[in-house]
Amino acid sequence: MAETKREIERKYEGSAVAEGAGLPDLTKVAGVSAVIDKGVAELDATYYDTADLRLAAANRTLRRRTGGDDAGWHLKLPVSEGVRDEIRAPLSATVPRALAGLVRARARDAELLPVVRLASARDVRHLVDADGALLAEVSVDAVRAERLTEGGGTSEWTEIEVELADEGDPALLDKVEKKLRKAGLRPSGSASKLARALADTAPEGAETGTKTKSKTASKSSDGTPTAGDHVLAYLRTQRDAIVELDPAARRDLPDSVHQMRVATRRMRSAFRSYRKVIDRAVTDPIGVELKWLAAELGVDRDREVLTERIQQGLAELPRTLVTGPVRGRLRTWSAARRSGSRRHLIAVLDGKRYLALLDTLDALLDAPPLLPAAAKPPTKAIPKAVLRDYKRLSTHVQDALDAPPATEDRDRAMHEARKKAKRTRYAAEAAVPALGKPAKNLVRYMKDLQNLLGEHQDSVMVRGALRDLATQAHAAGESSFTYGVLYGREEQKAAAYERDLPAKSPGRHPEYADDLRAGRRVRKSR
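Conventions used here
Residues numbered from 1 in each chain as written. Predicted model: local features only at pLDDT ≥ 70, side-chain atom pairs only at ≥ 80, totals over all residues. Heavy atoms only, no water. Helix = DSSP H or I, 4+ residues; strand = E, 2+ residues; numbered from the N terminus. Buried < 20%, exposed > 50% of the residue type's maximum accessible area, 1.4 Å probe, protein only. Contact = heavy atoms within 4.5 Å. Axes fitted to C-alpha atoms, helices over the stretch in contact; angles between N-to-C directions. Parallel < 35°, antiparallel > 145°, perpendicular 65-115°, else oblique. Left-handed = near helix turned anticlockwise from the far one by under 90°. Nonpolar A, V, L, I, M, F, W, Y, C, P; charged D, E, K, R; others polar. Phe/Tyr/Trp six-rings, centres within 6.5 Å; stacked < 30°, edge-to-face > 60°. Polar contact = N/O pair within 3.5 Å; in protein donor to acceptor, adjacent residues only side chain to side chain. Expected span 1.5 Å × (residues − 1). Core = buried A, V, L, I, M, F, W, Y, C linked by side-chain atoms within 4.5 Å. Pairing = 2+ DSSP bridges. pLDDT = per-residue confidence, 0-100. Patch = residues over 30% accessible without salt bridge, like charges linked within 9 Å, V, L, I, M, F, W, Y side chains within 5 Å. Areas by Shrake-Rupley, 256 points an atom, 1.4 Å probe, with all protein chains shown as cover. Salt bridge = Lys/Arg side-chain N within 4 Å of Asp/Glu carboxyl O. Lys, Arg positive; Asp, Glu negative; His and termini not counted. Charge placed at Lys NZ, Arg CZ, Asp CG, Glu CD.

Bringing the overall build of the chain into the picture now. Within the chain one finds 16 helices and 9 strands. For the C-alpha atoms alone, the extent of the chain along its principal axes is close to 80 × 70 × 45 Å. Per-residue burial over the chain gives 47% buried out of 526 residues. Here the contacts in the chain between residues at least 6 apart in sequence split such that 72% fall between residues at least 24 apart.

Following both chains from N to C, one finds helix H13 (residues 408–435) and helix H14 (residues 437–475) inclined at 155°, their axes separated by 8 Å at the closest point. What the angle tells us is that H13 and H14 run roughly antiparallel. Handedness of the crossing formed by H13 with H14: left-handed. Considering only residue class, the contact of H13 with H14 consists of 16 nonpolar, 6 polar and 8 charged.

This paragraph deals with the packing of aromatic side chains. Summed over the entire model, instances satisfying the criterion amount to 2 aromatic pairs. Judged by centre distance (5.1 Å) and plane angle (55°), the rings of Tyr 48 and Trp 73 are tilted. Of this pair, Tyr 48 sits in strand S2 (residues 34–49) while Trp 73 sits in strand S4 (residues 72–80), and the two are 25 residues apart along the sequence. For the pair shown, Tyr 48 and Trp 73 are each scored as buried.

Before going further, it helps to spend a moment on the environment of Asp 141. Tracing the backbone shows Asp 141 in strand S7 (residues 134–147). Remark: the alpha-carbon pair of Asp 141 and Ala 427, spanning 286 residues in sequence, is separated by 51 Å. Here Asp 141 is in contact with Ala 121, Arg 122, Trp 157, Thr 158, Glu 159, Glu 161 and Lys 193, once residues within four sequence places are set aside. There is a polar contact of 2.9 Å between the side chain of Asp 141 and the side chain of Lys 193.

On to helix H11 (residues 352–366). End to end, H11 covers 21 Å across 15 residues, agreeing with the expected 21 Å (1.5 Å per residue, within 8%). Those residues of H11 that sit buried are Tyr 354, Leu 355, Leu 357, Leu 358, Leu 361, Leu 364 and Leu 365.

The next subject is the nonpolar core. Formed by 69 residues in total, the largest nonpolar core has its most connected members in Leu 235, Tyr 274, Tyr 354, Val 386 and Leu 449. Top element by residues in this core is H13. It accounts for 11 residues. Leu 449 has contacts with Leu 393, Val 397, Ala 421, Leu 501, Lys 504 and Pro 506, leaving out every residue within four places of it along the chain.

A few words on the packing of helix H12 (residues 378–402) against H14. The contact between H12 and H14 brings their axes to 13 Å, and the two run at 25°. With respect to their mutual orientation, H12 and H14 come out roughly parallel. For the element pair H12 and H14, the recorded crossing hand is left-handed. Across the interface between the two elements, Val 386, Tyr 390, Leu 393 and Val 397 from H12 touch Leu 442, Tyr 445, Met 446 and Leu 449 from H14.

The subject of this paragraph is the pairing of S7. Two elements, strand S6 (residues 113–128) and S7, share 13 bridges in a ladder whose sense is antiparallel. By the bridge assignment, Arg 117 is partnered in S7 with Glu 146. Joining the antiparallel neighbours S6 and S7 is a turn of 5 residues, in which Gly 132 adopts a positive phi near 85°. Where S7 and strand S8 (residues 154–164) come together, 11 bridges link them in antiparallel fashion. Note on S8: the bridge partner recorded for Ala 136 is Leu 164. Adjacent in sequence and paired antiparallel, S7 and S8 are bridged by 6 residues, among which Gly 151 carries a positive phi angle near 85°.

This brings us to the confidence of the model for the chain. Summarising the model, the chain shows a mean pLDDT of 92, and 93% of its residues fall at 70 or more. Low pLDDT, under 50, characterises residues 212–218; the stretch is placed with 12 contacts to residues that sit more than four places away or in other chains.

Assignment of secondary structure puts Ala 263 in helix H8 (residues 256–273). Accessibility expressed as a relative area gives 3% for Ala 263, which makes it buried. Separated by 22 residues in the primary sequence, Ala 263 and Ala 241 have C-alpha atoms spaced 6.4 Å apart. Apart from residues lying up to four places away in sequence, Ala 263 is in contact with Gln 238, Ala 241 and Ile 242.

It is worth spelling out a positive patch on the surface at this point. A contiguous patch of positive charge on the surface is contributed by Lys 437, Lys 440, Arg 444 and Lys 447. Residue position: Lys 440 is located in helix H14.

Time to look at the side chain of Asp 49. Its place among the elements puts Asp 49 in strand S2. Here Leu 55 takes part through its backbone nitrogen, which lies 2.9 Å from a polar atom of the side chain of Asp 49. Other than its neighbours up to four places away in sequence, Asp 49 contacts Arg 54, Leu 55, Ala 56, Glu 111, Leu 112, Leu 113 and Val 115.

The subject of this paragraph is unusual backbone geometry. A positive phi angle, near 55°, is found at Arg 108, a position not held by glycine. By the secondary structure assignment, Arg 108 is in the loop between helix H4 (104–107) and S6.

Before going further, it helps to spend a moment on the environment of Asp 515. Residue position: Asp 515 is located in helix H16 (residues 511–525). Each C-alpha atom, one on Asp 515 and one on Glu 159, is 57 Å from the other, the two residues being 356 residues apart in sequence.

So, about the pairing of strand S5 (residues 83–89). With respect to burial, S5 is a largely interior element, 7 of its 7 residues being buried. Judged by which residues are buried, S5 turns out to be covered on both faces: Val 83, Asp 85, Ile 87 and Ala 89 on one side and Arg 84, Glu 86 and Arg 88 on the other are all buried. Relative to S5, strand S1 (residues 3–13) runs antiparallel, the two sharing 6 bridges. Directly across from Ile 8, in S5, lies its bridge partner Val 83. By the bridge criterion, 7 bridges tie S4 to S5 in an arrangement that is antiparallel. When the bridges of S5 are listed, Leu 75 appears paired with Ile 87. Linkage of S4 to S5, two consecutive antiparallel strands, is achieved through a turn of 2 residues, within which Gly 82 is found at a positive phi near 75°.

Its place among the elements puts Thr 61 in strand S3 (residues 61–66). Judged by relative accessible area, which is 8%, Thr 61 ranks as buried. What Thr 61 contacts, discounting residues up to four positions off in sequence, is Tyr 47, His 74, Leu 75, Lys 76, Arg 84, Ser 192 and Leu 194.

As C-alpha cells, this is what we get:
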C-alpha cells in the first residue's frame, strides 16, 4: 500500500562543504534550541526512468532505495518550488504497480529501466525546539553517482539538505538558509540529486533529462506571433494539463478529475472554434476521442456534484421535514457509485485507448495540420472564430427562452445553450493573449452565463437522482417524503434560473461582441 508524505526541502552546495568544513552552528538560528547528531546512514538508491528520460524531463523521480529509516520505493511529484509529494511503497523486486500507474501518462508504453545509482553517506542532524520537538532535519550527503546506461560515467559531490519537519513552519527554512549563506554556502544549482547525476554522468550527446521547448508554428514575416501560434499555444496548454493532472486524478486529489475533464473539453472546443486555423479533417477524429475521455472522467465528477448538491439541500431543511434514514441512504448510494466509478477511472487511465490518445495529441502538436489562415495576424482569424461562436450561442439561448417553461424541451434547450456558452468561453480564453481586454471581458460574461445554465442543468440531474433514491427508499419500506420535498425545492430553483435567463442573454448584451469587433479594429490599425 502506497503512502504519501509532503516533502519541503532545500539543497545547498559550496566549497566549504566540498572541503569537509561541516555545518555552521545552527543553534544560533531563532527557535532552534539544540542540534542532535543522529549518526551516519548509508543509502543506496537506484533511479528508474524511460530510456529517453521522460520522467526526469518532467521533474519526476522514481527510485528504489535501501538503508535509512524509509527504505522502499519512492516516487516524487512536484507540487511547487521546493515542495514535492513523496509517494512510498514497500521494497519489491520490480516497480510497484501503483507507482507505475502514477507515471504512465509520461512513460506510456516505454519500459522503466534503471538509469542511475546513487550511493550516499548521509550525516544526519535534527534541529529541535525547547520541548525537543523536531523542527527540521539537516544532512550532509557525500554522494557517488553511477550512470547505469551504456557509456555512462561516475561523479562525486557533497551537498547539504534541509528538510522541514511534518507540519513545520516554512519560515524556519529561510532562517536556516541565512545562516548557511553566511557560512559561504549557496542553493544547489540542480533541482535534485538525480538531475545533477544525469548531467554529470551523461555520455556525450546523451539525454540529460532537461526540458525542451515545445515547437511552435512559423512566425509571420516580421517575426510576430500568428493566429496559428496563439491557437497552438492554447492547445499545448490543454495537452499539458491532461498529462499533468493524470497522477492527481489517480490519487483522487480534490478537483483533479474535474480539471482534467475541463482540459479535454477546452481542447475539443478549440478544434471546432478554430477550424479555419487547424484542419478539422485531422482534428475531428481526435475530438471524438476527447469526448470519450471527458465522458469517462465525468462518471466520477457527476457523482460528486449530485452528492454535494443533495447534501446541501438536506442541510437547509428543517429537521421536521427529514423523515427516515435519508442521510444514511445517500451515503450508501454515493459510496456505491463512487467505488465503481473510481475503479472504472483507473481502468480507463491504464487503458490502451487513453494512452493512444496522448500519443496522438503529441503527434498533432509536433506536426500541426495548419491551414492558410494560421499564417495570418491573430487579429483577423481569432476574432472571427469567437464572434461566430457568440452568434451561435445567442441563437441557442433564444431557443431556450422560446421553449415552454418547466418542460423537458426547456431543459434540453438550456443544456444546449450551456454547452455553447462553454465553447464561446473557451474560444475567448484562447483569444485573450491576442485580443486582450475585450476577450477577457467576454470570458467573464460567459462564466456568469455558464454558471446560471449550469445550475439549471445540475437541478435537472439532481431531480433524476432524487427520483432514484425515492424509489429505492420506497422499495426498502422507508419514507420517501423527504426526497419529494427536496425535489420540489429543486423545481423552484430551476424556475428561478429560468426567470433570470432573459436578463443575461446575449441579446441583452451586444456590447461584448461590439467591443471584440472594436478591439480588433484598433489593433489592426496600430
